[in-house]
Amino acid sequence: MSNKPKVGFVSLGCAKNLCDTEVMLHHMMDAGYEITPEETEADVVIVNTCAFIESAKKESIDNILDIAWLKEHGNLKAIVVTGCLAERYREEVLREMPEIDAIVGVGGIHRIAEAVSAALENAEKKKCGEVPGERYCCLDKKDAEPLGGDRVITTGASYAYIKIAEGCNNRCTYCAIPSIRGALRSRTVEDIVAEAKDLDAAGVKELVVIAQDTSVYGLDIYGRDALPELLRAICDETDIPWIRILYCYPDKITDELVAQMRDNSRIVHYIDLPIQHISDHMLSAMNRHGDSKCIRDAVAKLRREIPDIVIRTTVIVGFPGETEEDFSELCSFVKEAKFERFGAFTYSREEGTPAAGFDCQIDEQVKQDRYDILMKTQLENSEAYNERLVGSVVTVLCEGFDPVSESYYGRSYRDAAEIDGKIWFSAERPVNEGEFIQVRINEAMDYDLVGEAVI
């Protein structure tokens, strides 16, 4: 039986946070710790938190309190909190949550082993009746630590994320990310390509390119938007079949980027294009770069140059000062643009952001009503799009088998992992996770499709 301390992880929030968790996993294994998926078996649990909006903060706090129960009633010795909640609310977390033994900000993930060691040392002192030292606190400047690093991939055999930059310079008035994650910091092309080659060698079938805003990649280190040349370099140096781009902003949909997506068969015809609104009144209040014409032009360009493109977007309803006319304009545009993939959020009033101090805050019930109306509109778009796929044969990347439904499941190029729907299918022979297979679509549901493998 191993005598190594066991470490459990809870990773919350976005894919960018997951990349940080995977880096910390590698550090812990490299330092000789044993990783366990069972929190009840862990000596220490690391909670990588999110604090983007109010619901995310609540989820983070609830998870910490759930883990804290194991310190009182189980064998858990220490809790280490990392990520955005730790960074944004460091003093409050330390003051109000004595259950936490160490806190590590977003710039300190490469010191996680040091934090865990200190937390366990203090736990041992308490157990022996000694006076523990100060709780470990690593909250360095966000630009003090290197980007990237070796990771333990947790997303299975089919896909992996690659984070090409950290931070953001956009300064949208509703967003706390720049204050949490700092200014834009891009990794070099060489560094990213080296990681992509490692993922290729590990058998990854889909590489998902992420950052807070991927479309401005390289601006800080190269003085230009370098995403197209990065995509070329990844394609030249690897054989990864699918490369997917998330979080591109409408004002940065350049002819060069569109051409790279159109002409390179391994870059899937899918793009995440967060618009947040279409009313110029709202876009200005949000401090979004680009007006409604810019958004319409970007969508039109993508659809003209890449006819089978799938566009995903996100919008905010109930932003301060949003009038019925603003909301009606947004609904009309969503109906007109027929986004294949869509997400909406009710505005969250985040302290420390300019919008938190704006007049004309919208009533919560009004926000929810507008959200419901918008999602009903999008559901009609989604149902119509899925119905058009019935009878077609599509390439599916298998992600696994569900014993309850007795079906395999996976995604086509039209679906991003974890955020879009799935394709459920039967097959006459075993299908492996990470295998591409042709599936005939027989049935359309609200957001998922059902079919059978064409063997």
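Keep in mind the model is a prediction, meaning the values are calculated, not measured.

Asker: Could you give an account of the side chain of threonine 155, with specific residues and numbers?
Answerer: In this structure, threonine 155 sits in the loop between strand S6 (136-138) and strand S7 (159-163). Threonine 155 sits in the buried class, given a relative accessible area of 10%. Looking at threonine 155, its side chain comes within polar contact range of the main-chain oxygen of tyrosine 159, at 2.6 Å. Those residues in contact with threonine 155 that lie beyond four places of it in its chain are Leu18, Glu22, Ala160, Tyr161 and Glu418.

Asker: Mind laying out the packing of aromatic side chains, listing which residues take part and the relevant values?
Answerer: Geometrically, a pair of aromatic rings is defined through the distance of the ring centres and the angle of the planes. All chains considered together, the criterion is met by 10 aromatic pairs. Residue placement shows arginine 411 over the ring face of tyrosine 159; its charged tip is 5.3 Å from the ring centre.

Asker: Describe in detail the nonpolar core, supporting the description with residues and values.
Answerer: In this structure, Ile164, Ile253 and Leu374 are the most contacted members of the largest nonpolar core, which totals 57 residues. The contacts of isoleucine 164, once residues within four sequence positions are left out, are Ser186, Arg187, Ile192, Val209, Ile210, Ala211, Thr214, Tyr217, Leu227 and Leu230.

Asker: So what about the environment of phenylalanine 342? Which residues, and what values?
Answerer: Here phenylalanine 342 shows up in strand S14 (residues 341-346). Owing to a relative accessible area of 10%, phenylalanine 342 belongs among the buried residues under this scheme. Sequence-wise, phenylalanine 342 and alanine 183 are 159 residues apart; in three dimensions their C-alpha atoms are separated by 27 Å. Beyond its immediate stretch of four places on either side in the chain, phenylalanine 342 contacts Arg312, Thr313, Val315, Val334, Leu374, Met375 and Gln378.

Asker: Could you give me a rundown of the packing of helix H9 (residues 227-237) against helix H10 (residues 255-263), with the residues and numbers involved?
Answerer: Between H9 and H10, the shortest axis-to-axis distance is 9 Å and the interhelical angle comes to 25°. What the angle tells us is that H9 and H10 run roughly parallel. When you trace H9 past H10, the crossing you get is left-handed. Contacts between H9 and H10 involve Leu227, Pro228, Leu231 and Arg232 from the former and Glu256, Leu257 and Gln260 from the latter. The residue makeup of the contact of H9 with H10, split by class, is four nonpolar, one polar and two charged.

Asker: Run through the sheet that holds strand S10 (residues 206-210), naming residues and quoting values.
Answerer: Taken in spatial order, the six strands make up an open sheet running S7-S10-S11-S12-S13-S14, and their pairing is parallel. Two strands bound the open sheet, and with one partner strand each, they are S7 and S14. With direction set aside, neighbouring strand axes in the sheet form an average angle of 20°.

Asker: Mind laying out helix H7 (residues 189-201), listing which residues take part and the relevant values?
Answerer: The end-to-end C-alpha separation of H7 is 18 Å, in line with the 18 Å expected for 13 residues at 1.5 Å each. When we look at burial in H7, the residues that qualify are Val189, Ile192, Val193, Glu195, Ala196 and Leu199. In an axial view of H7, the angular spread of the buried residues amounts to 160°, which keeps them on one side of the axis. Residues Glu190, Asp198 and Ala201 are exposed on H7 and point more than 90 degrees away from its buried face. Residues of H7 that are buried in the fold lie against S7, S10, helix H8 (219-222) and H9.

Procedures and definitions
Residues numbered from 1 in each chain as written. Predicted model: local features only at pLDDT ≥ 70, side-chain atom pairs only at ≥ 80, totals over all residues. Heavy atoms only, no water. Helix = DSSP H or I, 4+ residues; strand = E, 2+ residues; numbered from the N terminus. Buried < 20%, exposed > 50% of the residue type's maximum accessible area, 1.4 Å probe, protein only. Polar contact = N/O pair within 3.5 Å; in protein donor to acceptor, adjacent residues only side chain to side chain. Contact = heavy atoms within 4.5 Å. Phe/Tyr/Trp six-rings, centres within 6.5 Å; stacked < 30°, edge-to-face > 60°. Lys NZ or Arg CZ within 6 Å of the ring centre and 35° of its normal. Core = buried A, V, L, I, M, F, W, Y, C linked by side-chain atoms within 4.5 Å. Axes fitted to C-alpha atoms, helices over the stretch in contact; angles between N-to-C directions. Parallel < 35°, antiparallel > 145°, perpendicular 65-115°, else oblique. Left-handed = near helix turned anticlockwise from the far one by under 90°. Nonpolar A, V, L, I, M, F, W, Y, C, P; charged D, E, K, R; others polar. Pairing = 2+ DSSP bridges. Expected span 1.5 Å × (residues − 1). Arc of directions from axis to C-beta.

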